[in-house]
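Observations on the three-dimensional arrangement
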Amino acid sequence: MQIYAGKLFDPYTLQLLENQVITVSPESGLVLDVQPFSITNTNDLSGPQCIDLRHATVLPGFVDAHVHFFLHPYSEVSWEDQVTKESLVERTVRATIHARRTLMAGYTSVRDLGTEGAGDADFHLRKCMSGSNAMIPGPRYFCANRAIVPTGSYAGPKSTIHLNQEGIEGITGAEVADGEVECIKAVRRQIGAGADWIKWTITDYRFRSRMVDVSPAVSKAAITTFNEKELHAIVSTAINLGVKVAAHSAHWHARGHNRIASGPGVHSVEHGQFMVFDNETSKHLESRFPDDANKFNTIWVPTLAAYYTIGQGQGEIWESALRAFRTALERGVENIACGGDTGVFAHGDNALEMKLMARAGADWRKVLKWGTLGGWTCVRSMAWEGKEGEERLARVEELHEDARLVGDNEVPFGAVRRGFGADIIATSGDLENDFESAIDKSAIEFVMKGGRVHKMGGKELV
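How each quantity is defined
- Residues numbered from 1 in each chain as written.
- Predicted model: local features only at pLDDT ≥ 70, side-chain atom pairs only at ≥ 80, totals over all residues.
- Heavy atoms only, no water.
- Helix = DSSP H or I, 4+ residues; strand = E, 2+ residues; numbered from the N terminus.
- Buried < 20%, exposed > 50% of the residue type's maximum accessible area, 1.4 Å probe, protein only.
- Contact = heavy atoms within 4.5 Å.
- Areas by Shrake-Rupley, 256 points an atom, 1.4 Å probe, with all protein chains shown as cover.
- Pairing = 2+ DSSP bridges.
- Axes fitted to C-alpha atoms, helices over the stretch in contact; angles between N-to-C directions.
- Expected span 1.5 Å × (residues − 1).
- Phe/Tyr/Trp six-rings, centres within 6.5 Å; stacked < 30°, edge-to-face > 60°.
- Core = buried A, V, L, I, M, F, W, Y, C linked by side-chain atoms within 4.5 Å.
- Domains from an automatic or database assignment.
- Parallel < 35°, antiparallel > 145°, perpendicular 65-115°, else oblique.
- Left-handed = near helix turned anticlockwise from the far one by under 90°.
- Nonpolar A, V, L, I, M, F, W, Y, C, P; charged D, E, K, R; others polar.
- 1 Å grid on protein atoms, 1.4 Å probe; cavity = no way out; pocket = protein on both sides within 12 Å on 5 of 7 lines; lining within 4 Å.
- Points joined across faces, edges and corners; volume = space filled by probe spheres on them.
- Polar contact = N/O pair within 3.5 Å; in protein donor to acceptor, adjacent residues only side chain to side chain.
- Right-handed = clockwise from strand over helix to strand, strands pointing away.

Identification of the protein as Amidohydrolase-related domain-containing protein from Laetiporus sulphureus 93-53 is taken from an unreviewed UniProt entry.

Written as structure tokens, this is what we have:
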């Protein structure tokens, strides 16, 4: 199959390459070749194995590094009511709809950072969306299952009658673990069940503390959740088992413990709306993990869209998130991935995160990189990190990473290059002159995931 692109965005060079023909194998789901073509020598493109996108701009499929498929907008139903009043069946049906809308918006890969009370439904959803003959349409789906939290912090919803009880009728939005042994067990249990990621909360969620309730100054401060031994137990256990760790943290600094940077290290920091980008923080986001056997970048996922949506574009939290992002831009922080905390706002509107980054002053080319190749760099497995990962990446042109052999989530993606997964989209918009309109779901006219076309001419293929 050949795709003729009028323009092709390359996230490695940040360039728009003109007149490129992309050869794709529907069997392996990989890109076989990318070459320029001459307009005067173009053959008839009406055949079934030719896709004419000469009028459009072709891009790698978008990646949303922070979604919650089992949630829908809080403006429709509050988080607590979704978790306690909507059945697992309803929430799962909604998740299938969310997956479809996400794919049709041009997002061919996502990382789901918690089912929020829906148990292991994400693992089952991933199975239904995987393989060349997937049961339902959806993006590549990386799962974190349940956030790990200590007793008395998040772990909601909470009873207003039984104040010492976690959850309501046995339903909790996260997994509670205390002490090194429980933390290790929680990580092992989730990875054993199939988790692609481990998510834990380092700061931000509030303990039911009289001091926090009565003191605005304290309530805005970073309060440590896990102690240093628990923190190390979670992260080191996950890394030893070959699974990455995402840290939910509003702050980089936190009272009562060292910075994340001085701990065992995490692969991504989620939110960070109150982060202070001093020299040490900026350096950590640009450096690599000190252990040569397990090198990795720490990547920041700002989730601007969540704060913008909740605050309706105003308010202290939104202003703090915007200020943190702009400061990161000023300091040259590059290890960023696009993830909107989608679910807080509508699935399918994932591009809001990229739009807000561009409005905040980021170059649209870099935003596209963070939303494609940067997304893969973030969500990919540990098998792509370190020296072995670099060597593996250097061999992708040999076409070894066939999804039929390594699985959907082990195929490289985020760029249209030989050996990468054929996750390819096209926009009818003008990226250079009207970036926001060009990445909006209404402008995405073509979607291919793993060599299979899901949208053509702006219409979904059933």
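Things to note about the overall build of the protein
From N to C terminus, the protein includes 16 helices and 17 strands. Counting across all 462 residues of the protein, residues that qualify as buried make up 56%. Sequence separation of at least 24 residues holds for 70% of the intrachain contacts in the protein that already meet a minimum separation of 6. As displayed, the protein has an accessible area near 18900 Å², and 49% of this comes from carbon and sulfur atoms.

A look at the sheet that holds strand S3 (residues 30–36)
Read across the open sheet, the eight strands follow the order S3-S2-S1-S4-S14-S15-S16-S17; overall the sheet is mixed. Looking along the sheet, the strands with just one partner apiece sit at the ends: S3 and strand S17 (459–460). As paired elements, strand S14 (residues 424–427) and strand S15 (residues 444–449) share four bridges and run antiparallel to each other. Each residue of the ladder has a partner; that of Ala-426, found in S15, is Phe-446. Relative to S15, helix H2 (residues 88–104) is tilted by about 115 degrees, and along the sheet it contacts S15, strand S16 (452–456) and S17.

Brief notes about the sheet that holds strand S6 (residues 107–112)
With parallel pairing, the three strands of this open sheet are ordered in space as S5-S6-S7. Strands at the two margins of the open sheet, each flanked by one partner only, are strand S5 (62–67) and strand S7 (140–143). In this sheet, neighbouring strand axes are inclined to one another by 15 degrees on average, regardless of whether the strands run parallel or antiparallel.

Focus on helix H10 (residues 316–330)
Helix length check: H10 (15 residues) gives 21 Å between terminal C-alpha atoms against 21 Å at 1.5 Å per residue, within 8%. Considered for burial, the residues of H10 that qualify are Trp-318, Ser-320, Ala-321, Leu-322, Ala-324, Phe-325 and Ala-328. Structurally, H10 contributes buried residues whose contacts are with strand S13 (299–301), helix H9 (304–310), helix H11 (352–359) and helix H12 (364–370). Downstream of H10 by one or two residues, Gly-332 has phi in the positive range, about 75 degrees.

Some details on the packing of aromatic side chains
Per the counting criterion, the structure on display carries 13 aromatic pairs. Both rings, one in Phe-62 and one in Tyr-107, keep their centres 5.2 Å apart while their planes meet at 55 degrees; by these two values the pair is tilted. Taken as a pair, Phe-62 in strand S5 and Tyr-107 in strand S6 lie far apart in primary sequence, 45 residues in all. Judged on exposure class, the residue Phe-62 and its partner Tyr-107 are both buried.

What about the nonpolar core?
Of all hydrophobic cores here, the largest spans 62 residues; its most connected members are Phe-62, Ile-148, Ile-198, Trp-200, Phe-325 and Leu-368. Formed jointly, this core draws a minimum of three residues from each of two domains, domain 1 (2–61 + 388–460) and domain 2 (62–379). In this structure Leu-368 touches Phe-9, Leu-59, Phe-62, Met-354, Leu-431, Phe-435 and Ile-439, once residues within four positions along its chain are discounted. Residues Ala-144, Ala-246, Trp-376 and Phe-420 belong to the second largest nonpolar core, which totals 19 residues.

Section: the packing of helix H4 (residues 179–193) against helix H7 (residues 228–240)
Two elements in contact, H4 and H7, have axes whose closest approach is 8 Å; the angle formed by their N-to-C orientations is 25 degrees. Considering the angle they form, H4 stands roughly parallel to H7. As H4 packs across H7, the resulting crossing turns out to be right-handed. Residues Gly-179, Glu-180, Cys-183, Ile-184, Val-187, Arg-188 and Ile-191 of H4 form the contact with H7, whose participating residues are Lys-229, Glu-230, Ala-233, Ile-234, Thr-237 and Ala-238. In the contact of H4 with H7, the residues fall into seven nonpolar, two polar and four charged.

Regarding the layout of surface pockets
Taken as a whole, the second largest pocket spans an internal volume of roughly 540 Å³. Contributing to the lining of the second largest pocket are 30 residues, with Gly-131, Ser-132, Ala-134, Lys-449 and Arg-452 lying nearest its centre. Of all elements in the fold, only H2, helix H15 (403–406) and S16 reach the threshold of two or more residues within the lining of the second largest pocket. Here the lining of the second largest pocket is composed, by residue class, of 11 nonpolar, 10 polar and nine charged. Composition of the lining of the second largest pocket by domain shows at least three residues from each of domain 1 (2–61 + 388–460) and domain 2 (62–379).

Describing unusual backbone geometry
One non-glycine residue, Asn-19, adopts positive backbone phi at about 50 degrees. Within the secondary structure layout, Asn-19 lies in strand S2 (residues 15–25). Given a relative accessible area of 19%, Asn-19 falls into the buried group.

Some details on the environment of Gly-421
Considering the arrangement of structural elements, one finds Gly-421 in the loop between H15 and S14. Judged by its relative accessible area of 2%, Gly-421 falls in the buried class. Sequence spacing of Gly-421 and Ser-28 is 393 residues, and the spatial spacing of their C-alpha atoms is 8.6 Å. Once residues within four sequence positions are removed from consideration, Gly-421 is found in contact with Gly-29, Leu-30, Val-31, Arg-140, Val-411, Pro-412, Phe-413 and Ala-415.

Re the side chain of Asp-10
By the element assignment, Asp-10 lies in strand S1 (residues 2–10). For Asp-10, a relative accessible area of 10% corresponds to the buried category. Looking at Asp-10, its side chain comes within polar contact range of the side chain of Arg-417, at 3.5 Å. If we ignore the near neighbours within four places in the chain, the residues touching Asp-10 are Gln-15, Leu-17 and Arg-417.

As for the pairing of S7
Side chains of S7 alternate between two faces, with Arg-140 and Phe-142 and Tyr-141 and Cys-143 buried alike. Of the pairings in the sheet, the one linking S6 to S7 comprises four bridges and is parallel in character. Note that in S7 the partner of Asp-112 across the bridge is Cys-143. A crossover links S6 with its parallel partner S7, the connecting element being helix H3 (residues 121–129), and its sense is right-handed.

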